[in-house]
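Below, each chain spelled out in residue letters.
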Amino acid sequence: MVLRKFVNILLLAALSINIFYFWRSGLPQPSHFIMVFAILFYLLFNSFLVFESYWIWGVSFVYYTIIVNLIVFAKHTDISTLLASFYYLFNFIVFIFIINFSRKMGKSFFKVLFWIYLVQIMMMTFLSLFSVGRYFSTNRYMGFFNDPNQMGNWVLWACIIVIVTGKVVYKKWWLQGIIALVLTTITIIFTASRSATVGLITLWFTFVFIGIVNYFHNSKKKLKLSIKQLLFLTLVICILTITLLSSFINSKENAFFDAIIMQAKYTVNRFNEKGLDDTFAGRGYDRICKYPEYLLFGAGEGAHYRFAEKSLFLGEIHSSWAGVLFCYGIIGSLLFYIFLFKIARKISWFSLLLLSPISYGFATYNIRNWNFWIGLALLYVCSQILMKEEAV
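Because the structure is a prediction, the values reported are computed rather than measured.

Caption draft 1: Spatial organisation of the overall build of the protein chain. Regarding its fold elements, the protein chain presents 14 helices and two strands. For the protein chain, the proportion of its 392 residues judged to be buried stands at 49%. Considering only contacts within the protein chain whose residues lie at least 6 apart along the sequence, 76% involve residues at least 24 apart. Of the roughly 19100 Å² of accessible surface on the protein chain, a fraction of 71% belongs to carbon and sulfur atoms.

Below you can see the structure in the form of C-alpha cells.
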C-alpha cells in the first residue's frame, strides 16, 4: 500500500511538471526521469501486468521501427535514427504502465488527475495573457515548452483528459468541458499554432456533437433522432457559435480582450501565409512521391541529408500520418493504424475525441510525443470504467 502511494506520487509528479522543458527537444526532460522511476518501482513489486491481446499490434509497430531504424543507422550512423525508436518504445511502456496502475487506483486518482490538468490549463492561460514564459519570434507563445506546436499538442490533450476524467469523477462533464475548452481556446490562440487550431476546431465540433447525443440519449422525452438530424443540429450550433465569436472578435469595446483579439487575428492570418513552410514541399510531404522506393518498408527516421538531391526541405516531415507512411512504409503504417483502430473500438464514444489529435497530426508530427500515449491510455481506462458502471 505504501509502495502504491509512492508510485502514485511519482506518476502525478511526472504529469505535473510535464509542461516544463529544461533542455532542447529530443532530450529526456525531468518529467521523463520521474516517470522512469515510477515504472521501475511499480515493476519491482508487481510481477503481473495486464496485457490486452490486441496491443500486440502496437508492440509490432515499435519493434518494426527498431528494425528499420537499425538498418538505416548501420548505413548512415545518425544517432537521431536510433533515438526515434527509443521514443516509441518508452512511450508504449508508459502507455501500458498508466493503464495497469490506474486500474488499481480508485476514483480519487482520477479526481487528482482532473484537477492537475485543469489547474495546468488555467495556469498556462493566465501566463499567456500576461506574457510570462518563452516566445517563438514575437507573436507565438510557447510557455515553458520548446515550440508553440509542442505546447498546442499538450493543451489539446490536457483538455481531452479533463473532459474524460471529469466524466468519470463527476458524471456530468458538460460544465468542466466548456471551461477547459474556453481556456484551451485562449491558450492556443496565443501559440498561433495552425496545427493546434485545426485540432481545437475539431475538438469543439466533437464536444458539441457528443453533448447533443448525450442530451437526447438521457432525455426523459426519449426523442429519436437520425444521424443526419444530429449532424444538422451540431452544424447549426457551431455556426451560431462561430457567428457570436466573430462578432466578439470584431468588437473593440472591451480593452481587456484587446490582446486576445489581436492574437486571434494574427492566428487566423497565419493560414494565409504563402512561404516555403506553407507548401507541401516545404513541409516534406513531397518525399512520398519523389522517393517511392521507401513506401513499402519505410525510409526510417533521421539522416535527412539523404533527400537533398530531390527535396527542398531536409527536416522532419510535418505530419504524423505522412511521416509514418514514409518512415515506416505501408507495413509500419498498417501496424500502427490497426493498433489505433483497435483502441478506438474499445473506448466507445471517447474515440470521437481522438479526432482532435488526429487532425492536429496532419500538419505536425505528434505521435512520438509522449502526451499522445498518455492521453490514449487515460482515454482507454476512463472509457472502461464508465462502461463497467453503465453495465451494473
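Caption draft 2: Structural detail: the pattern of salt bridges. Under the criterion given, the structure shown has six salt bridges. In this structure, Arg270 and Glu273 form a salt bridge, with 3.6 Å as the shortest nitrogen-oxygen distance. In this structure Arg270 comes out as buried when scored by relative accessible area, which is 7%. Note on Glu273: relative accessible area 34%, which makes it partly exposed. When salt bridges that share partners are traced, they join Arg194, Arg270 and Glu273 into one network.

Caption draft 3: Structural detail: the pairing of strand β2 (residues 140-143). Taking every second residue as pointing to the same face, both faces of β2 are buried, with Arg140 and Met142 on one and Tyr141 and Gly143 on the other. As paired strands, strand β1 (residues 134-136) and β2 are joined by three bridges and run antiparallel to one another. Across the sheet, the residue bridging to Arg134 is Gly143, located in β2. Here β1 hands over to β2 after three residues, with Ser137 in that stretch at a positive phi of 60 degrees.

Caption draft 4: Quick look at the nonpolar core. The biggest cluster of nonpolar side chains holds 101 residues, and the ones touching the most others in it are Met35, Trp55, Phe95 and Phe97. No other element matches helix α6 (residues 148-170), which puts 14 residues into this core. Ignoring any residue separated from it by four or fewer positions in sequence, one finds Phe97 in contact with Val7, Leu11, Met35, Ala38, Ile39 and Tyr42. Listed in part, the seven residues of the second largest apolar core include Tyr285, Phe307, Ile317 and Phe326.

Caption draft 5: A look at the packing of aromatic side chains. Tallied over the entire structure, the rule returns 46 aromatic pairs. Aromatic side chains Tyr42 and Phe97 sit 5.5 Å apart centroid to centroid with 70 degrees between the ring planes, which places their arrangement in the edge-to-face category. You can see Tyr42 sitting in helix α2 (residues 30-45) and its partner Phe97 sitting in helix α4 (residues 79-104), a full 55 residues away along the chain. The interplanar angle of 90 degrees and the centroid separation of 5.8 Å between the aromatic rings of Tyr42 and Phe101 together place this pair among those described as edge-to-face. Here Tyr42 is found in helix α2, whereas its partner Phe101 is found in helix α4, with 59 residues between them in sequence. Looking at Phe101, the relative accessible area reads 1%, which means it is buried.

Caption draft 6: Focus on the packing of helix α1 (residues 2-16) against α4. Following both chains from N to C, one finds α1 and α4 inclined at 130 degrees, their axes separated by 11 Å at the closest point. Comparing their axes, α4 and α1 come out oblique. Relative to α4, the crossing made by α1 is left-handed. Counted together, Arg4, Val7, Asn8 and Leu11 of α1 and Phe97, Ile98, Phe101 and Lys104 of α4 form the full contact between these two elements. Here the residues of the contact of α1 with α4 sort into five nonpolar, one polar and two charged.

Rules and cut-offs
Residues numbered from 1 in each chain as written. Predicted model: local features only at pLDDT ≥ 70, side-chain atom pairs only at ≥ 80, totals over all residues. Heavy atoms only, no water. Helix = DSSP H or I, 4+ residues; strand = E, 2+ residues; numbered from the N terminus. Buried < 20%, exposed > 50% of the residue type's maximum accessible area, 1.4 Å probe, protein only. Contact = heavy atoms within 4.5 Å. Areas by Shrake-Rupley, 256 points an atom, 1.4 Å probe, with all protein chains shown as cover. Salt bridge = Lys/Arg side-chain N within 4 Å of Asp/Glu carboxyl O. Pairing = 2+ DSSP bridges. Core = buried A, V, L, I, M, F, W, Y, C linked by side-chain atoms within 4.5 Å. Phe/Tyr/Trp six-rings, centres within 6.5 Å; stacked < 30°, edge-to-face > 60°. Axes fitted to C-alpha atoms, helices over the stretch in contact; angles between N-to-C directions. Parallel < 35°, antiparallel > 145°, perpendicular 65-115°, else oblique. Left-handed = near helix turned anticlockwise from the far one by under 90°. Nonpolar A, V, L, I, M, F, W, Y, C, P; charged D, E, K, R; others polar.

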